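Architecture and fold: a report
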Amino acid sequence: MDAFLHQVLSGLATGGIYAALALALVMIYQSTHHINFAQGEMAMFSTYIAWSFIDAGFPYWVAFVLTVLASLLIGIVIERVVIRPVEHAPVLSVVIVFIALLVILNSTAGWIFSYTIKTFPSPFDWRGLQNSYLSPHEIGSIGVTLMVLLVLYGFFRFTSLGLAMRAAAQNPVSSRLVGIRVGWMLALGWGLAAAIGAIAGMMIAPVIYLDPNMMSGVMLYAFAAALLGGIDNPFGAVLGGFIVGVVENIAGAYIVGTELKLSVALVLIVGVLLFRPSGLFGRRYVVRV
Amino acid sequence: MSALLEVTDLHAGYGPADVLHGVGFAVANGGITTVLGANGAGKTTLLRAVCGLIRRRGNVQFDGQSIATRTTERIVRMGLAHVPDGRGTFTLLSTEENLRVGAITRRDSRGVAADMQKMFTYFPRLQERRGQQAGTLSGGEQQMLAIARALMLRPKLLVLDEPSFGLAPMVVQDIFRIMRTVNQEEKVSILLVEQNARLALELADTAYLLETGRVVQGGPSEQLRDDETVRRAYLGY
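Note that this is a predicted model, so its numbers are computed, not measured.

How each quantity is defined
- Residues numbered from 1 in each chain as written.
- Chains lettered and ligands numbered in written order.
- Predicted model: local features only at pLDDT ≥ 70, side-chain atom pairs only at ≥ 80, totals over all residues.
- Helix = DSSP H or I, 4+ residues; strand = E, 2+ residues; numbered from the N terminus.
- Rg over C-alpha atoms; globule rule 2.2 N^0.38 Å.
- Buried ≥ 20, exposed ≤ 12 C-beta atoms within 10 Å, placed from the backbone.
- Contact = placed C-beta atoms within 7 Å.
- Pairing = 2+ DSSP bridges.
- Core = buried A, V, L, I, M, F, W, Y, C linked by C-beta atoms within 7 Å.
- Domains from an automatic or database assignment.
- Axes fitted to C-alpha atoms, helices over the stretch in contact; angles between N-to-C directions.
- Parallel < 35°, antiparallel > 145°, perpendicular 65-115°, else oblique.
- Left-handed = near helix turned anticlockwise from the far one by under 90°.
- Nonpolar A, V, L, I, M, F, W, Y, C, P; charged D, E, K, R; others polar.

Details of the overall build of chain B
Each helix and strand counted, chain B has 10 helices and 10 strands in total. A compact globule built from 237 residues should have a C-alpha radius of gyration of about 18 Å, and chain B, at 17 Å, falls within 12% of that. Counting only residues that meet the buried cut, chain B has 46% of its 237 residues in that class. Summarising the internal contacts of chain B: among those between residues at least 6 apart in sequence, 66% fall at separations of at least 24.

Digging into the pairing of strand 9 (residues 206-211) of chain B
Residue and element names in this part refer to chain B. The element strand 9 is extensively covered by neighbouring structure, given that 5 of its 6 residues are classed as buried. Alignment of strand 3 (residues 32-36) against strand 9, held across 4 bridges, turns out to be parallel. Bridged to Leu-36 within strand 9 is Leu-209. Bridge analysis of strand 9 against strand 10 (residues 214-220) gives 6 bridges, and the strand direction is antiparallel. Opposite Ala-207, over in strand 10, you have Gly-219 as the bridge partner.

Re unusual backbone geometry
Residue and element names in this part refer to chain B. Residues other than glycine seldom take positive phi values, yet Arg-87 does so here, at roughly 75°. Here Arg-87 is to be found in the loop between strand 6 (80-83) and helix 3 (95-102). Of note, the phi angle at Lys-187 is positive, near 60°, even though the residue is not glycine.

Overview of the sheet that holds strand 5 (residues 65-66) of chain B
All names here are of chain B. Sheet architecture is open: 4 strands sit in the order 2-1-4-5, paired in antiparallel fashion. Each edge of the open sheet is held by one strand with a lone partner, namely strand 2 (17-28) and strand 5. Pairing analysis gives 9 bridges linking strand 1 (residues 3-14) to strand 2, with the strands arranged antiparallel. Looking at strand 2, one finds that Leu-5 is bridged to Val-27.

Things to note about the pairing of strand 6 of chain B
Residue and element names in this part refer to chain B. Where burial is concerned, the two faces of strand 6 agree: the one with Leu-80 and His-82 and the one with Ala-81 and Val-83 are both buried. As paired strands, strand 6 and strand 7 (residues 157-161) are joined by 4 bridges and run parallel to one another. Among the inter-strand pairings, Leu-80 is bridged to a residue of strand 7, identified as Leu-157.

Notes on the nonpolar core
If you look at the biggest cluster of nonpolar residues, it comprises 166 residues, and the most contacted ones within it are Leu21(A), Ala22(A), Ile199(A), Ala222(A), Ala225(A), Ala148(B) and Val159(B). Broken down by element, this core gets its largest block of residues, 17 residues, from helix 8 (residues 182-208) of chain A. Residue contributions to this core reach at least three from each of two domains, namely domain 1 (1-79 + 155-170 + 187-237) and domain 2 (88-154) of chain B. In contact with Ala222(A), other than residues within four places in its own chain, are Tyr18(A), Leu21(A), Ala22(A) and Leu25(A).

A word on the interface of chain B and chain A
Listed per partner, the contact involves 21 residues of chain B and 15 residues of chain A. Those elements giving two or more residues to the side of chain B that touches chain A turn out to be helix 2 (72-77) and helix 3 of chain B.

Things to note about the packing of helix 2 (residues 39-55) of chain A against helix 4 (residues 91-113) of chain A
Residue and element names in this part refer to chain A. At a minimum axis distance of 9 Å, the contact between helix 2 and helix 4 shows a crossing angle of 20°. By the criterion of interaxial angle, the relationship of helix 2 to helix 4 is roughly parallel. Crossing of helix 2 against helix 4: the hand is left-handed. On helix 4, the residues that touch Glu-41, Met-42, Met-44, Phe-45 and Tyr-48 of helix 2 are Leu-102, Leu-105, Asn-106, Ala-109 and Phe-113. Split by residue class, the contact of helix 2 with helix 4 holds 8 nonpolar, 1 polar and 1 charged.

A few points about the domain arrangement of chain B
Residues and elements named next belong to chain B. Assigned domains of chain B: these are domain 1 (1-79 + 155-170 + 187-237) and domain 2 (88-154). Each of domain 1 and domain 2 was reduced to a C-alpha centroid, and the two centroids are 24 Å apart. Contacts between the two partners involve 8 residues from domain 1 and, on the opposite side, 9 residues from domain 2. Residues belonging to the side of domain 1 that touches domain 2 are distributed by class as follows: 6 nonpolar, 1 polar and 1 charged.

Structural notes on the packing of helix 9 (residues 215-229) of chain A against helix 10 (residues 234-255) of chain A
Residue and element names in this part refer to chain A. Across the interface, helix 9 lies against helix 10 with an axial gap of 7 Å and an inter-helix angle of 125°. Classified by the angle between their axes, helix 9 and helix 10 sit oblique to one another. Note on packing geometry: the crossing formed by helix 9 with helix 10 is right-handed. Here helix 9 contributes Tyr-221, Ala-224, Ala-225, Ala-226, Leu-228 and Gly-229 to the contact with helix 10, which in turn contributes Gly-236, Ala-237, Val-238, Leu-239, Gly-240, Gly-241, Ile-243, Val-244 and Glu-248.

What about the environment of Gly143(A)?
All names here are of chain A. Position of Gly-143 among the secondary structure elements: in helix 5 (residues 136-158). For Gly-143, a count of 14 C-beta atoms within 10 Å corresponds to the partly exposed category. Along the sequence, Gly-143 and Gly-16 sit 127 residues apart, while their C-alpha atoms lie 9.1 Å from each other.

Some words on the environment of Trp51(A)
All names here are of chain A. Tracing the backbone through its elements, the reader meets Trp-51 in helix 2. Sequence-wise, Trp-51 and Phe-120 are 69 residues apart; in three dimensions their C-alpha atoms are separated by 6.9 Å. The contact partners of Trp-51, leaving out residues within four places of it in the chain, are Lys-118, Phe-120 and Leu-210.

Here we look at helix 3 of chain B
The element helix 3 of chain B is largely enclosed, with a buried count of 6 among its 8 residues. Contacts made by the buried residues of helix 3 of chain B are with helix 6 (160-170) of chain A together with helix 4 (109-122), helix 5 (124-128) and helix 6 (139-151) of chain B.

So, in structure tokens, the structure goes:
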């Protein structure tokens, strides 16, 4: 029983990271109806930035904050420079831009930081948190994820900038007619998504180590999470993240074994697309012809 | 009365094709102007061109400044509120959030709160629906919400695109009554595009007739109302 509980709880810890990445996907999807395939590589690159700060001697939390700010900026720049020009392009062109971004970020990271695997420190190593269910890092990472979700909820629910961003995502023309600068809201959405990704990257890196391909597996789970929850529902995506984390762990421990764990994500994705394409909490779109 | 909005020789359209061919009209400071026309005359296009939502060419003076090359966002911030056709509801936001979005460029939070109360006295139905998702409101309620959202900007000019479209006569009466109140008490000038010519001519002081992208007639409302051709074509008696 203890072992089972341990699997569930540590599934919640990684699930939190999937939830954060899924949320980043949903944020961009809601405003542009595109899935950002480069989300994971952006997070990976941010984690390398954090590693550079720490390597340069900055204390962990200073590096953390600097990385989040840098990622916010990079996200905004990517939207303005790379995504804006293909705003009205056919969907395939946009997908190709995303894939190009993925490859470019991946190889740039390999070029600058080399492909050798690096360790990444965890800020949570207090002895007081020692127990048989969760490692201190898992507890800390759950805490950070919950904090991120809470801050985002507060931002979108209670601030007028958050309201403007929600409005811009829903109805760009009406938003312009009340004076919202829709283009900047989209850029800011990318910035926020990049910042969330950066935090997720920094939380997962101590577990799976730092290398340019670290996010390929993680992103698969995040896609599964976003689809499971409903790609247009932030709450669904978060819940989907936690569900995927737990299911992954339990299936890995008791059903398919750790080697085949990744296939759980694929099964989930295919299953959702086959049986409930809008996800558990997604909106179903009915088009009248 | 000086003109708040003055448009001369306005050309506008979508893609390569022009829909408007040199349109000119004016809205007096504190006045109500209506533009009448049949389906496809270019009424909606005209409003979109004024607000900078589509490609346009010509002179547009608003509040003493040329806005012919300005972006929509800047024009709106100068005090021009547009109630678009189809109402432009933010369907997933609540009624109250829709009103807050209308005032999003304003910095006086106390004034915004007071104006929201005022909207609830104009439109009591909106207060009942305050926390409800705006997409679930009825057509009439959404039209009220659209007008209230535009008024939350505290505009100098309120631009309305067929506010009576698809609504029950009772609701239309309500909406026109409130437009008159807003014009008289808040000194908001109004530019109204309508198919319901009878109501529009009753409300407006100045009227123009738009046919296939050209103004074919314009002047004081009474003059158009008494005009034989206008009466036959648009008033139907």
